[in-house]
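Examining the three-dimensional arrangement
The lines below spell out each chain.
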Amino acid sequence: MGIFRRKSDPEPARNEQMVELGRDYAIARRHRDTKAMNRIMRQIGTDKDVTDLSDFREGQESYDSIPPIPRGRNRRR
């Protein structure tokens with residue numbers, strides 16, 4: 001019985017393609033690009049398993065955690 005545990009639980013394999021689609025969806029949602037949002041949702045479909053959808057959500061959350069850049073006022077009036 002040691003202080004430090006040598007074994008670690010292996011993380012489930014991530015589907016990098018689904019993570020990237022989640023990031024793309026979050027970007028399209030932030031820029032209000034409904035055409036891209038619909039294209040991504042058609043590409044995902046509804047028959048994906050739960051792990052793929054969790055990877056998709058993880059990609060969305062990774063982009064949503066970045067705060068948007070505040071836009072300045074238009075001072076050239």
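Residues numbered from 1 in each chain as written. Predicted model: local features only at pLDDT ≥ 70, side-chain atom pairs only at ≥ 80, totals over all residues. Heavy atoms only, no water.

Examining the overall build of the protein
Counted only if it meets this: What counts as a helix is a DSSP run of H or I of at least four residues, what counts as a strand is a run of E of at least two, and both are numbered from the N terminus. Residue contacts are defined here by distance: any two heavy atoms, one from each residue, within 4.5 Å place the two residues in contact. Only the protein chains shown count as cover for residues, and the accessible areas themselves come from Shrake-Rupley with a 1.4 Å probe.
Helix and strand counts for the protein come out as three helices and zero strands. Secondary structure elements of the protein, listed N to C terminal, follow the sequence α-α-α. Of the contacts formed within the protein by residues at least 6 apart in sequence, a portion of 70% connects residues at least 24 apart. Within the structure as shown, the protein displays about 7,300 Å² of accessible surface, and the carbon and sulfur contribution to it stands at 51%.

Overview of the environment of Leu-53
For clarity, the threshold we go by: Buried means the residue's accessible area, taken with a 1.4 Å probe over protein chains only, is under 20% of the maximum for its type, while exposed means over 50%, and partly exposed covers the values in between.
Position of Leu-53 among the secondary structure elements: in helix α3 (residues 50–64). Judged by its relative accessible area of 37%, Leu-53 falls in the partly exposed class. Each C-alpha atom of the pair Leu-53 and Asn-15 lies 9.7 Å from the other, and the pair is 38 residues apart in sequence.

Here we look at helix α2 (residues 34–44)
Our working definition: By definition, the arc is the one covered by directions from the helix axis to the C-beta atoms.
Along α2, the positions that sit buried rather than exposed are Ala-36, Met-37, Ile-40 and Ile-44. The buried residues of α2 occupy one face: seen down the axis, they fall within an arc of 100°. Within α2, the exposed residues directed more than 90 degrees away from the buried face are Thr-34, Lys-35 and Arg-42. Positive backbone phi, approximately 75°, marks Gly-45, located one or two places after α2.

Things to note about the side chain of Gln-60
Inspection of the secondary structure puts Gln-60 in helix α3. Residues contacting Gln-60, with those up to four places away along its chain left out, are Gly-22, Arg-23, Tyr-25, Ala-26 and Arg-29.

Side note on the packing of aromatic side chains
Aromatic rings in a pair are described by how distant their centres are and how their planes are angled relative to each other. Let me state the cut-off plainly: Pairing of aromatic side chains here covers Phe, Tyr and the six-membered ring of Trp, requires ring centres within 6.5 Å, and sorts the geometry by plane angle: under 30 degrees stacked, over 60 edge-to-face, intermediate tilted.
Following the criterion strictly, the structure yields one aromatic pair and no others. Taking 5.7 Å as the distance between ring centres and 55° as the angle between the ring planes, the aromatic pair formed by Tyr-25 and Phe-56 counts as tilted. A residue pair is termed long-range when its members are at least 10 positions apart, and Tyr-25 in helix α1 (residues 16–30) and Phe-56 in helix α3 qualify at 31 residues.

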